[in-house]
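Fold and contact review
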Amino acid sequence: MSQRNQTLGEFIIENQASFKYTSGELSRLINSIRLAAKVVNHEVNKAGLVDILGAAGDTNVQGEDQQKLDVYANEKFIQTMTNRNIVCGIASEEEDDFITINSQDENHQNKYVVLIDPLDGSSNIDVNVSVGTIFSVFRRVTPVGTPVQLEDFLQKGTNQVAAGYIIYGTSTMLVYTTGDGVNGFTLNPAIGSYYLSHPDMKFPEDGRIYSVNEGNYIHFPQGIKDYIKYCQMEEGDRPYTSRYIGSLVSDFHRNMIKGGIYMYPKSSKASNGKLRLLYECNPMAFLAEQANGKASDGFTRIMEIEPTELHQRVPFICGSKNMVEKAEEFMRKTN
Ligand code: AHG
Ligand code: MN
Ligand code: MN
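Residues numbered from 1 in each chain as written. Chains lettered and ligands numbered in written order. Predicted model: local features only at pLDDT ≥ 70, side-chain atom pairs only at ≥ 80, totals over all residues. Heavy atoms only, no water.

Description of helix 1 (residues 8-15)
We apply this condition: The buried label goes to any residue with under 20% of its type's maximum accessible area, the exposed label to any with over 50%, and the partly exposed label to all in between, with areas taken from a 1.4 Å probe on protein chains only. Numbered from the N terminus, helices here are DSSP runs of H or I no shorter than four residues, and strands are runs of E no shorter than two. Along the arc lie the directions from the helix axis toward the C-beta atoms. Pairs of residues are marked as contacts when any of their non-hydrogen atoms sit within 4.5 Å.
Residues of helix 1 that are buried include every one of L8, G9, F11 and I12, and no others. Down the axis of helix 1, the smallest arc covering the buried residues is 165 degrees, so these residues share one side. Elements that come into contact with the buried residues of helix 1 comprise helix 2 (24-45), strand 8 (172-177), strand 9 (182-188) and strand 10 (193-198).

This is the structure:
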């Protein structure tokens, strides 16, 4: 298990044999993500110093204003994974369609596809608040050696072989799972290496933090309204504390360490909520389950949802097991 001062590189080599599908390919993929993350981290850290802030003028497929750092992070992750020729396809929250990668040897031998939210919490960039990157990895379902197809990306979350996030916070961390627990690595910026700082991360079964954009309260389904009132009630270990950063990665990371629940429910304004199943909810659900937590849309396990489109949105409730189950209980009561 964890060794003192173990670097991410050492950890990957040591654990490669325990990956479900042993081949250096997945290790190389994680390696390329950590490299791109270092480059993006450098840029995020100096965001306040250079003229990189502000809307880039484009609007992404979700109809949201893109900020320059979103574009930058998107390009860096795609570039790194394309140049190193380690995946056969990439889908990004910032791209309308998936990207097919032709291997240099013309044989398209790579087996993995990556889905990515290159910069999560982008509305926080301008105000020096933590942002992140989320990624999800699947084995392609179409034959190796042929161009990737939509069905390679539209897989249920239960098929994920790896998922993780990078948090660009007070420290930069890479947190990921390959289906054998969740481990967190902190970047030492002076040396440029990530060190295993949080081995075998687990959500406490119960928590005392709830994270939801309460500004949308009147638009929430009755079950969520009732659960929020339950969180605020003076009884037992309640009222809980309300904490909402507005960047999923940061809210999730805090809740995993301290115990808590994150909710982005559907509302009368957005019938499927806001978060994207493939770039945000599936990877976070995989991490949550691997860390003894839970992720659901209020009724169904997130990773069991059959995706129908790349940019699909779903209601998302995720965190400490007992808290998520309690929220589901309230949802069922009023449905
Ligand atoms: P992104 O920056 O990738 O578009 O994601 C933002 C997401 C998520 O990170 C965050 O929790 C949520 O949107 C915040 O939305 P509201 O501002 O509606 O609360
Ligand atoms: Mn996001
Ligand atoms: Mn984003």
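Following the structure, the description resumes.
Side note on the pairing of strand 8
Here is the rule: Pairing between two strands is assigned when DSSP locates at least 2 bridges connecting them.
Where burial is concerned, most of strand 8 is hidden: 6 out of the 6 residues are buried. Where burial is concerned, the two faces of strand 8 agree: the one with T172, L174 and Y176 and the one with M173, V175 and T177 are both buried. For strand 7 (residues 162-168) and strand 8, the ladder comprises 6 bridges, and the chain directions are antiparallel. Its bridge partner being in strand 8, Y168 is matched across the sheet by T172. Hairpin connection, strand 7 to strand 8: the antiparallel pair is bridged by 3 residues. Between strand 8 and strand 9, which pair antiparallel and follow one another directly, the connecting turn spans 4 residues, one of which, G179, has a positive phi of 95 degrees.

Remarks on the site of ligand 1
The line we're drawing: By convention in this text, a residue qualifies as near a molecule or strand provided that one of its non-hydrogen atoms is within 4 Å of it. Under this definition, polar contacts are N or O atom pairs within 3.5 Å; protein pairs additionally need one hydrogen-donor-capable and one acceptor-capable atom, and for neighbouring residues in sequence, both atoms have to be side-chain atoms. Only the protein chains shown count as covering a residue, and every accessible area follows the Shrake-Rupley method with a 1.4 Å probe. In this count, Pro and Cys sit with the nonpolar residues alongside Ala, Val, Leu, Ile, Met, Phe, Trp and Tyr, while Asp, Glu, Lys and Arg are called charged and the others, Gly among them, polar. Those domain boundaries reflect an automatic or database domain assignment.
As a matter of local geometry, ligand 1 sits amid 18 residues, with D120, S122, Y244, Y262 and Y264 nearest to it. The side chain of D117 places a nitrogen or oxygen atom 3.1 Å from an oxygen atom of ligand 1. At 3.4 Å from an oxygen atom of ligand 1 is found a side-chain nitrogen or oxygen belonging to E280. Considering ligand 1 on its own, with 470 Å² of exposed area, one finds that the protein chains cover 86% of that surface. Elements that contribute at least two residues to the shell around ligand 1 include exactly strand 5 (112-120) and strand 13 (260-264). Along the lines of polarity and charge, the residues of the shell around ligand 1 split into 6 nonpolar, 5 polar and 7 charged. Of the residues that make up the shell around ligand 1, three or more belong to each of domain 1 (8-198) and domain 2 (209-334).

Side note on the coordination of the manganese ion (ligand 3)
This is how it is decided: Metal donors: N, O and S atoms at distances within 2.8 Å, or within 3.2 Å for Na, K and Ca, with water omitted from the atom set so that some sites may seem incomplete.
Looking at the manganese ion (ligand 3), the protein donor atoms are E93 (OE), D117 (OD) and L119 (O), and they sit 2.3 to 2.4 Å from it. Within one chain, the residues donating to the manganese ion (ligand 3) are spaced in sequence as E-x23-D-x1-L. The distance between the manganese ion (ligand 3) and the manganese ion (ligand 2) is 3.7 Å, with D117 acting as a donor to both metals. With E93 in the loop between strand 3 (89-92) and strand 4 (99-100) and L119 in strand 5, this pair connects stretches of sequence that are 26 residues apart. For the pair E93 and L119, one class covers both residues: buried.

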